[in-house]
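Coordinates in review
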Amino acid sequence: MSERTGFDLTVIGLGYVGMPLAKEATAAGLRVAGLDVDPRKVEALNAGQSYIDDLTDADLDAMLAGGFTATLDASVLAESRTIVICVPTPLDEDHRPDLSAVEGATRAVAQHLRPGTLVVLESTTWPGTTDEVARPILEGAGLAAGTDFHLAFSPERIDPGNTKYGLRNTPKVVGGYTVACRDRAAAFYSQFVEWVVPVSGTREAEMAKLLENTYRHVNIALVNEMAIFCDELGINLWEAIEAASTKPFGFQKFLPGPGVGGHCIPVDPSYLSYTVRKLGYPFRFVELAQEINERMPSYVVARAQRLLNRARKPVNGSRVLLLGVTYKPDIADERETPAVPVAEALLELGAEIVFCDPHVKEWAVKGNQIPRANDLAAAVADADITLLLQQHSAFDLGVVEERAQLVLDTRGVLATSDRVERL
């Protein structure tokens, strides 16, 4: 603990990124506060009720016992040695970065900034944000970055539902406004992260995050486009991918699907594209990948139409079961899930939609409350067609194969038959 009383760390933004950080820091013996603008989150956390997939109530009880507290009061920032900003950075309706949450959090920090404080931005954003957006706001308080306080960027690498890699054993990239800022941030994270990776500046750290997810985004687009033409060619792409993945070098396996979802892949490449467009030319590679991935939900619906047509059934009036409406298996996170545009297209065609997902209790699309099926066997038997959109481990795939009338498997996990077709 420093000579200043108060908190070793305050985390701003108590979501999928902020709470794992608070958990590991608390477990390492740091006194941690969590700051959020949502009173429901603060109340739930202080009552020991977790709303995060990767944080159990037992985990939260241990955090509270270790001194963690959640608050709506920004004055806690004045009592903190380190402040880490983990707020959302979505896209607006025009696919431009929306930094309003970052700017709001940074202004709150500026109002309570004290000399010697370390401020770290973890929210994904375009290269230059820490220096060009956050720093001027913070220095508006009269303190200079690199002299009076330390400023750094460290991209979050949280993978919800990943039981192998968490914050502690995932390498942490850190870039500082100055070398001293970088070293201070690296020392902070080293208290509870096994491997810290320092880079020369904040822009390099910001770019590393965008590069990671753009790499995935582009490769997913590649296999998604291959899925479309392999279907036309009568080629089993899933088998080809498995065969290619036996090569021990030069190939990494990516799989097609109904679209991309989550807080990173659908969003981060647009931040990079935005940065390049500011230079005066398009980032064609990324924008093409975005176009391919965004059309996958409509392609899924077209394939479902084809299957129904073969059975002499129109989409209009058909009962369509959507299996799994989250963006990843075995979690409740629905952010940017491709199930939404799939459902929207089916509703426009007059389909009767039902969903089955053990992690989602209620689901609405365009204001329409979608009925939830609890009995998997009965649901697949009653549906004219089943679309497997997410392969939750709770699903009995044998029941789906045996009981369903028609199935479009967008995840490549079912055995194909005269009733089951893969994407």
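Let me sum up the structure you'll find in this document. It should be emphasised that the depicted structure is a prediction, and the values quoted were computed from it without experimental measurement. (Residues numbered from 1 in each chain as written. Predicted model: local features only at pLDDT ≥ 70, side-chain atom pairs only at ≥ 80, totals over all residues. Heavy atoms only, no water.)

**Describing the sheet that holds strand β6 (residues 150–153)**
Our working rule: Two strands are said to pair when DSSP picks up at least two bridges between them. Here a strand is any run of E in DSSP of at least two residues, a helix any run of H or I of at least four, and the numbering for each starts at the N terminus. Orientation is described by lines fitted to C-alpha atoms, with helices fitted over the stretch in contact, and by angles between N-to-C directions that extend from 0 to 180 degrees.
The strand order across the open sheet built from eight strands is β3-β2-β1-β4-β5-β6-β7-β8, with neighbouring strands paired in mixed fashion. In the strand order of this sheet, the two ends are held by β3 (69–71) and β8 (196–199), each with one partner. Here the strands of the sheet are splayed against their neighbours by 25° on average, with no regard to which way each runs. Taken together, the four bridges between strand β4 (residues 80–85) and strand β5 (residues 118–121) define a ladder with parallel strand orientation. In the strand pairing of β5, Thr82 is matched with Leu118.

**Regarding the side chain of Asp333**
What counts here: Definition of a polar contact: a pair of N or O atoms within 3.5 Å, with one able to donate and the other able to accept a hydrogen when the atoms are protein atoms, and with sequence-neighbouring residues admitted only if both atoms are side-chain atoms.
Along the chain, the position of Asp333 falls in the loop between β9 (319–323) and α11 (339–348). At 2.5 Å, the side chain of Asp333 and the side chain of Arg335 are in polar contact.

**Notes on the pairing of strand β2 (residues 32–35)**
Operational definition: Under the scheme applied here, a residue whose accessible area is under 20% of the maximum for its type counts as buried, over 50% as exposed, and between as partly exposed, the area being computed with a 1.4 Å probe on protein chains only. For a crossover, the right-handed case is the one in which the path from the first strand over the helix to the second runs clockwise, viewed with the strands pointing away from the viewer.
Side chains Val32 and Gly34 project from β2 onto one buried face, and the interleaved Ala33 and Leu35 project onto a second face that is buried too. As paired elements, strand β1 (residues 7–12) and β2 share four bridges and run parallel to each other. From the neighbouring strand, Thr10 faces β2, where its bridge partner is Ala33. Traced from β1 through helix α1 (residues 18–27) to β2, the parallel crossover comes out right-handed. Looking at chain direction, β2 and β3 are connected through three bridges and run parallel. Note on β3: the bridge partner recorded for Leu35 is Thr71.

**Re the packing of aromatic side chains**
Centre-to-centre distance and the angle between the planes together describe a pair of aromatic rings. Threshold: Each Phe, Tyr or Trp ring, with Trp reduced to its six-membered ring, pairs with another whose centre is within 6.5 Å; inter-plane angles below 30 degrees give stacked pairs, above 60 give edge-to-face pairs, and intermediate values give tilted ones.
Per the stated rule, a full pass over the model turns up five aromatic pairs. Ring plane angle 65° and centroid distance 4.9 Å describe the contact between Phe188 and Tyr189, whose orientation is recorded as edge-to-face. The residues Phe188 and Tyr189 share a single accessibility class, namely buried. Aromatic side chains Tyr215 and Phe254 sit 5.8 Å apart centroid to centroid with 70° between the ring planes, which places their arrangement in the edge-to-face category. With Tyr215 in helix α7 (residues 202–233) and Phe254 in the loop between α8 (237–244) and α9 (268–277), this pair connects stretches of sequence that are 39 residues apart.

**Overview of empty space enclosed by the protein**
To be explicit about the condition: Cavities and pockets were defined on a 1 Å grid built from protein atoms only: a cavity is a group of points that admits a 1.4 Å probe but offers it no way out, a pocket is an open group of points flanked by protein on both sides within 12 Å along at least five of seven lines, and a lining residue is one with an atom within 4 Å of any such point. Grid points are joined across faces, edges and corners, and a volume is the space filled by probe spheres set on the points. Only Asp, Glu, Lys and Arg are considered charged, only Ala, Val, Leu, Ile, Met, Phe, Trp, Tyr, Cys and Pro nonpolar, and every remaining residue, Gly among them, polar.
Across all of its chains, the model carries two cavities of 30 Å³ or more by this definition. In this structure, the largest cavity is lined by Val17, Glu122, Glu156, Arg157, Ile158, Gly166, Leu167, Thr170, Pro171 and Lys172. Taken as a whole, the second largest cavity holds about 40 Å³ of empty space. Taken together, Ile85, Val102, Thr106, Val119, Leu121, Thr130, Ala134, Leu138 and Leu151 make up the lining of the second largest cavity. Those elements that place two or more of their residues in the lining of the second largest cavity are α4 (100–112), β5 and α5 (129–139). Within the lining of the second largest cavity, the residues separate by chemical class into seven nonpolar, two polar and no charged.

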